[in-house]
Amino acid sequence: MRLFIGVDFPKRVVDELCSLQNTIRDLVRGGRFPAPDNLHLTLQFLGETPESRIAEIHRALSAVASRHAPFQLAVDDRIGYFGSMNPVRVAWVGMKGDVSALSAIQADVATAMSELGFAAEERAYKPHITLARDAFFLQSEVNLKNGAINLPVTPFPLMRIEQFALISSEIDQGRRRYRPLAVFRLAGEK
Ligand code: ATP
Ligand code: MG
């Protein structure tokens, strides 16, 4: 099964992310837009993994969660993009708040998973939520500037992040579907 480790957001935040997606939709031609249920923050992608390995992954992630405390995070109000200017490969929003707590958890997850043989990303971790892929901006000179997509964003509320999840990613009737297999509550002391 195809697995990754990620963080889900409260519904009011997902709703705001959807309205941001809709703003982008109106400014582009083409583009693929993750379904609302799939908007999330990835900590680590594990990829195709035998089901028999879930128990040891579960154990390792429980240990990580026991070492970290809940923390505050908010979706940032600037939209960035990865890849070429136009079409834009990935349009995304970043995170603000206690990003260092998030990065510490991500680094701990990466170390724990590398001990189980899952290669860590070579690129530095850049926390982001993917809003759109392969989108061609119709007025690129207006919308795209210095690695940012110039759009007004309603400020997002602070969220208390209390858990992360091991999630399976499957194609079901032609649609990408994520399914949380286990959640890990952050149980460390501040
Ligand atoms: P699709 O690939 O069908 O467009 P998706 O990207 O949402 O859908 P997955 O490819 O299963 O679904 O990815 C799950 C999560 O892991 C996503 O956040 C994705 O960005 C991330 N991810 C996928 N592949 C990699 C990879 N090779 N390296 C790092 N992160 C990845
Ligand atoms: Mg993918």
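Here, residues in each chain are numbered from 1, in the same order as that chain's written sequence. Each chain is given a letter, starting from A, and each ligand a number, starting from 1, according to the order in which they appear as written. Per-residue local features are limited, in this predicted model, to residues with pLDDT of at least 70; the limit for side-chain atom pairs, both in listing and counting, is 80 or more; totals at the level of whole chains, interfaces and linings are taken over all residues. To get the side-chain values, take all heavy atoms of the structure and skip hydrogens and water.

### Concerning the packing of aromatic side chains
- Any Phe, Tyr or Trp ring, taking Trp's six-membered ring, that has another such ring centre within 6.5 Å forms a pair; planes under 30 degrees apart are called stacked, those over 60 apart edge-to-face, and the others tilted. Applying the stated criterion across every chain yields a total of three aromatic pairs.
- Remark: a charge is flagged as sitting over a ring if the NZ atom of Lys or the CZ atom of Arg is within 6 Å of the ring centre and within 35 degrees of the ring normal. Over the ring of Phe33 we find Arg25; its NZ or CZ atom is 4.4 Å from the centre of that ring.
- Note that Arg29 overlies the ring of Phe136, its terminal NZ or CZ placed 4.6 Å from the centroid.

### Topic: the layout of surface pockets
- Buriedness for pockets is judged along seven lines, at least five of which must meet protein on both sides within 12 Å for an open set on the 1 Å grid over protein atoms alone, while cavities are sets there where a 1.4 Å probe fits but cannot get out, and lining residues have an atom within 4 Å of a point. Grid points are joined across faces, edges and corners, and a volume is the space filled by probe spheres set on the points. Of the pockets and cavities examined, the largest pocket occupies roughly 1200 Å³.
- Lining the largest pocket we find 34 residues, and of these His40, Thr42, His128, Thr130 and Arg133 sit closest to its centre.
- Contributions of two or more residues to the lining of the largest pocket are made by β1 (2-7), β3 (41-48), β5 (88-97), α3 (99-115), β6 (129-137) and β11 (175-185).
- Where helices and strands are cited, they refer to DSSP runs of H or I of at least four residues and of E of at least two residues respectively, numbered from the N terminus. A per-element tally of the lining of the largest pocket places β3 first, with five residues.
- Of the residues in the lining of the largest pocket, the class split is 17 nonpolar, eight polar and nine charged. Basically, the charged four are Asp, Glu, Lys and Arg, the nonpolar ten are Ala, Val, Leu, Ile, Met, Phe, Trp, Tyr, Cys and Pro, and anything else, Gly included, counts as polar.

### Things to note about the pairing of β11
- At least two DSSP bridges between two strands are required for those strands to pair. Note that strand β10 (residues 163-172) and β11 share ten bridges and pair antiparallel. Bridged to Ile167 within β11 is Pro180.

### Quick look at the side chain of Gln21
- With respect to the helices and strands, Gln21 occurs in helix α1 (residues 11-25).
- Gln21 sits in the buried class, given a relative accessible area of 1%.
- Polar contacts, as used here, are pairs of N or O atoms within 3.5 Å; protein pairs need one atom able to donate a hydrogen and one able to accept it. Residues neighboring in sequence count only if both atoms are side-chain atoms. A polar contact of 3.0 Å, which involves the side chain of Gln21, links it to the backbone oxygen of Pro34. Here's how the labels work: a residue is buried when its accessible area is under 20% of the maximum for its type, exposed when over 50%, partly exposed in between, all with a 1.4 Å probe on protein chains only.

### Some points on the site of ligand 1
- If a single non-hydrogen atom of a residue is within 4 Å of a molecule or strand, that residue counts as near it. Around ligand 1, the surrounding shell consists of Arg2, Phe4, Arg32, His40, Thr42, Phe45, Glu121, Arg133, Ser169, Arg176 and Tyr178.
- At 2.5 Å from an oxygen atom of ligand 1 is found a side-chain nitrogen or oxygen belonging to Thr42.
- Between ligand 1 and Tyr178 there is a distance of 2.3 Å, counted from an oxygen atom to a side-chain nitrogen or oxygen.
- Residue burial considers only the protein chains on display, and all accessible areas are found by Shrake-Rupley using a 1.4 Å probe. When ligand 1 is considered free in solution it has 600 Å² of accessible area, and contact with the protein chains removes 68% of it.

### Regarding the environment of Asp15
- You can see Asp15 is positioned in helix α1.
- The exposure class of Asp15 is partly exposed, given its relative accessible area of 37%.
- A sequence separation of 160 residues divides Asp15 from Arg175, and the C-alpha atoms of the two residues are 20 Å apart.

### Some thoughts on the sheet that holds β10
- Spatial strand order, β3-β1-β10-β11: four strands in an open sheet with antiparallel pairing. A single partner strand is all that each edge strand has here, and the edge strands are β3 and β11. If you compare each strand with its neighbour and ignore which way they point, the axes differ by 25° on average.
- Alignment of β1 against β10, held across four bridges, turns out to be antiparallel. Looking at β10, one finds that Gly6 is bridged to Ala165.
- Running at roughly 55° to β11, helix α2 (residues 54-66) makes contact with β1, β3, β10 and β11 of the sheet.
- α3 rests against β1, β3 and β10 of the sheet, and its axis sits at about 15° to β3. Axis lines are fitted to C-alpha atoms, over the contacting stretch for helices. Their N-to-C directions set the angle, which ranges from 0 to 180 degrees. It only takes one pair of heavy atoms within 4.5 Å for two residues to be counted as in contact.

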